[in-house]
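Single-letter residue listing:
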Amino acid sequence: MTSPAAVSSISSSSVPRSDRSTTSSPIWFEDASGEDALARLRDTPCAADVSQMLADDASFSNAAAGAFVGRDQQEIVLVAPRVKRNIGLPIRFGEKVLCRLDIPSARILQRAHSGVRSREHGAALIRWLRVAQPRLALAFTDVVTDTPLYAAISQAENLGYWTLNNEPAPHLFHQFNGSYEEFFNEKSSKYKNQLRKKEKMLREQLGAAFSFKEYRSVEDVTPFLQAADSINKKTYQYKLFGEQVDNDAQSTAAYTATALKGQFRSFVLWHDDIPLCFVLGHQSADGIFEHRQTGFDPQWRDCAPGINCNILLLQSLYATHRPKILDFGSGDADYKRLFANTVLSSASPMLVPRTLRYLLPYLLYTGAARLNATAVAVLDRFGLKDRIKRLLRR
């Protein structure tokens, strides 16, 4: 994802805004996959902001990956990187996932922010996909709401799709200015005391027996994924939601390709030979570090491994190969608030073709969501929501 323009301190002219001028020229689309097709695309005229994407993104080499590409009479004007795989639509009872309904889908990757330069282009792509691949759901990740891509998604109900999960949420970033010490010293006394207390907890309980390791090379990919997977299987996110670290052969190959590009950048906090916390990251050529996934071993919660891992992460990013922006992804969380200095808004909607084939999954999903919303409102009214949430997450 490239840095979003906003009222905040983050600003980049390379990211399209929903109020930018558009064109009514006809666009022709194709679903490009495989190295041959993508190599051919790289040799054709491209708009500047999509040309860099085709050159940089290692995920295009993934067998399941590729890009939806749109061109007018002169050049490529749209690139939406995607990975095709089934997505499990979760049917939840509270925070517990009861089952997942598999739906063939294309996950549109974050770099589509810069590849979709106008609302009209994005809407044309969605309209084309509804006809060309009528059984394919479209899943989006962390779409900043002030972009042409999100404006196009907002029209999907009129283009033959049901729209799910389209509730904007805070999207937090850290912009790198000065040094870590300057960032820390600008904070309130309460903030600084909180972080010092967390660091003290780690040192008092583990002494010198902890280490913080960075993983960047091709040889680092498998050891990192093994450590991250072992931590993740102990988390409540895995036990309740089934969230996994993708360490299958296909995913490992994609991460390896990313490492060859110099963009794989991940971290693990260790106690001797026990992994305590991980951060799966990606640092793109345009200077964006994506904080893609994290988790910690709850058995070690008394030494605050999650907060300490992120303190060490931020210090490492300031110290070497400093990015421009740390993107924490959408959704609010206490640890993000501790380290972010900019807040935007984003959503991760899913577009499901409005067909009889998907009517039952749609009704089950939306029905469960309404029941859960009602239950949460009742628990909240009686002051029980937070108590039950803590019980479930232990």
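Asks: Please explain the pattern of salt bridges as it appears in this structure.
Replies: Where charged atoms from two side chains of opposite charge come close, those side chains can pair. This structure, assessed with the given rule, holds 12 salt bridges. Between aspartate 229 and lysine 233 there is a salt bridge; the shortest N-O distance is 3.3 Å. With a relative accessible area of 14%, aspartate 229 lands in the buried category. Note that aspartate 332 and arginine 337 form a salt bridge whose closest N and O atoms lie 2.9 Å from each other. Overall, arginine 337 belongs to the partly exposed group, its relative accessible area being 40%. One connected set of salt bridges, linked through shared partners, spans Asp31, Arg82 and Lys84.

Asks: When you look at the packing of aromatic side chains in this model, what are you seeing that I'm missing?
Replies: One pass over the structure, following the stated rule, counts 16 aromatic pairs. A ring pair is formed by phenylalanine 68 and tryptophan 128, whose centres lie 6.3 Å apart and whose planes are at 75°; its orientation type is edge-to-face. Taken as a pair, phenylalanine 68 in strand β2 (residues 65-71) and tryptophan 128 in helix α4 (residues 119-132) lie far apart in primary sequence, 60 residues in all. On the basis of relative accessible area, tryptophan 128 is assigned to the partly exposed category, the value being 23%. Between tyrosine 180 and tyrosine 318 the ring centres are 6.2 Å apart and the planes differ by 70°, which places this aromatic pair in the edge-to-face class. Of the two residues, tyrosine 180 sits in helix α6 (residues 180-185) while tyrosine 318 sits in helix α11 (residues 305-319), which places them 138 residues apart along the sequence. For tyrosine 180, a relative accessible area of 8% puts it in the buried group.

Asks: Even after reading the chapter, I still don't get the sheet that holds β2, so can you show me in this structure?
Replies: Adjacent strands of a sheet form backbone hydrogen bonds with each other and so pair up, either parallel or antiparallel. An order of β1-β2-β3-β4-β5-β15-β7 is seen for the 7 strands of this open sheet, with the pairing classed as mixed. The open sheet terminates on both sides in strands that have one partner only, identified here as β1 (28-33) and β7 (161-164). Put simply, the sheet's adjacent strands are angled 35° from each other on average, direction ignored. Here β1 pairs with β2 via 6 bridges, running antiparallel. Across the sheet, serine 33 pairs through a bridge with glycine 66, a residue of β2. Sitting on the sheet, α4 is in contact with β1, β2, β3 (76-93), β5 (137-140), β7 and β15 (350-353), with an inclination near 70° to β1.

Asks: Can you walk me through the nonpolar core in this structure?
Replies: Side chains of a nonpolar character, in soluble globular proteins, are inclined to be buried together. Core analysis: the biggest nonpolar cluster contains 30 residues, and Tyr180, Leu195, Leu269, Leu314, Leu326 and Phe339 have the highest contact counts within it. Broken down by secondary-structure element, the contributors of at least two residues to this core are α6, α7 (189-206), β10 (266-271), β11 (274-283), α11, β13 (325-330) and α12 (334-339). No other element matches the 8 residues that α11 contributes to this core. Leucine 314 has contacts with His174, Phe176, Tyr180, Phe183, Leu326 and Phe339, leaving out every residue within four places of it along the chain. Formed by 28 residues, the second largest nonpolar core is a distinct cluster that contains Phe29, Val77, Ala112 and Ala156.

Asks: Can you help me understand the environment of leucine 206 in this one?
Replies: Mapped onto the secondary structure, leucine 206 falls in helix α7. Each C-alpha atom, one on leucine 206 and one on tryptophan 270, is 10.0 Å from the other, the two residues being 64 residues apart in sequence. Other than its neighbours up to four places away in sequence, leucine 206 contacts His271, Leu276, Trp300 and Cys303.

Asks: For this particular structure, what's the right way to read the pairing of strand β14 (residues 342-347)?
Replies: If a strand is regular, its side chains alternate between the two faces of the sheet. With 2 bridges connecting them, strand β6 (residues 143-144) and β14 associate as antiparallel partners. What sits directly across from valine 143, in β14, is alanine 347. Note that strand β8 (residues 169-175) and β14 share 5 bridges and pair antiparallel. By the bridge assignment for β14, leucine 172 is matched with valine 343.

Asks: I would appreciate a short explanation of the side chain of glutamine 293 in the present structure.
Replies: Along the chain, the position of glutamine 293 falls in strand β12 (residues 288-296). Setting aside its immediate chain neighbours within four residues, glutamine 293 contacts Asn232, Gln244, Val245, Phe278, Val279 and Leu280.

Asks: Honestly, a nonpolar patch on the surface in this entry has me stumped. Any pointers?
Replies: Together, Leu356, Leu359 and Leu363 make up a nonpolar patch on the protein surface, roughly 300 Å² of accessible area in all. Relative to the elements of secondary structure, leucine 359 occurs in helix α13 (residues 359-381).

Asks: Which parts of the structure should I look at to understand the sheet that holds β13?
Replies: Read across the sheet, 8 strands follow the order β6-β14-β8-β13-β12-β11-β10-β9 without closing on themselves; strand pairing throughout is mixed. Here the strands that pair on one side only, and so sit at the sheet edges, are β6 and β9 (210-215). Pairing geometry for β9 and β10, over 6 bridges, is antiparallel. In the sheet register, lysine 213 faces β10, and the bridge partner there is valine 268. Contacts from α7 reach β9, β10 and β11 within the one sheet, and its direction differs from that of β9 by about 115°.

Cut-offs used in this document
Residues numbered from 1 in each chain as written. Predicted model: local features only at pLDDT ≥ 70, side-chain atom pairs only at ≥ 80, totals over all residues. Heavy atoms only, no water. Salt bridge = Lys/Arg side-chain N within 4 Å of Asp/Glu carboxyl O. Buried < 20%, exposed > 50% of the residue type's maximum accessible area, 1.4 Å probe, protein only. Phe/Tyr/Trp six-rings, centres within 6.5 Å; stacked < 30°, edge-to-face > 60°. Helix = DSSP H or I, 4+ residues; strand = E, 2+ residues; numbered from the N terminus. Pairing = 2+ DSSP bridges. Axes fitted to C-alpha atoms, helices over the stretch in contact; angles between N-to-C directions. Contact = heavy atoms within 4.5 Å. Core = buried A, V, L, I, M, F, W, Y, C linked by side-chain atoms within 4.5 Å. Patch = residues over 30% accessible without salt bridge, like charges linked within 9 Å, V, L, I, M, F, W, Y side chains within 5 Å. Areas by Shrake-Rupley, 256 points an atom, 1.4 Å probe, with all protein chains shown as cover.

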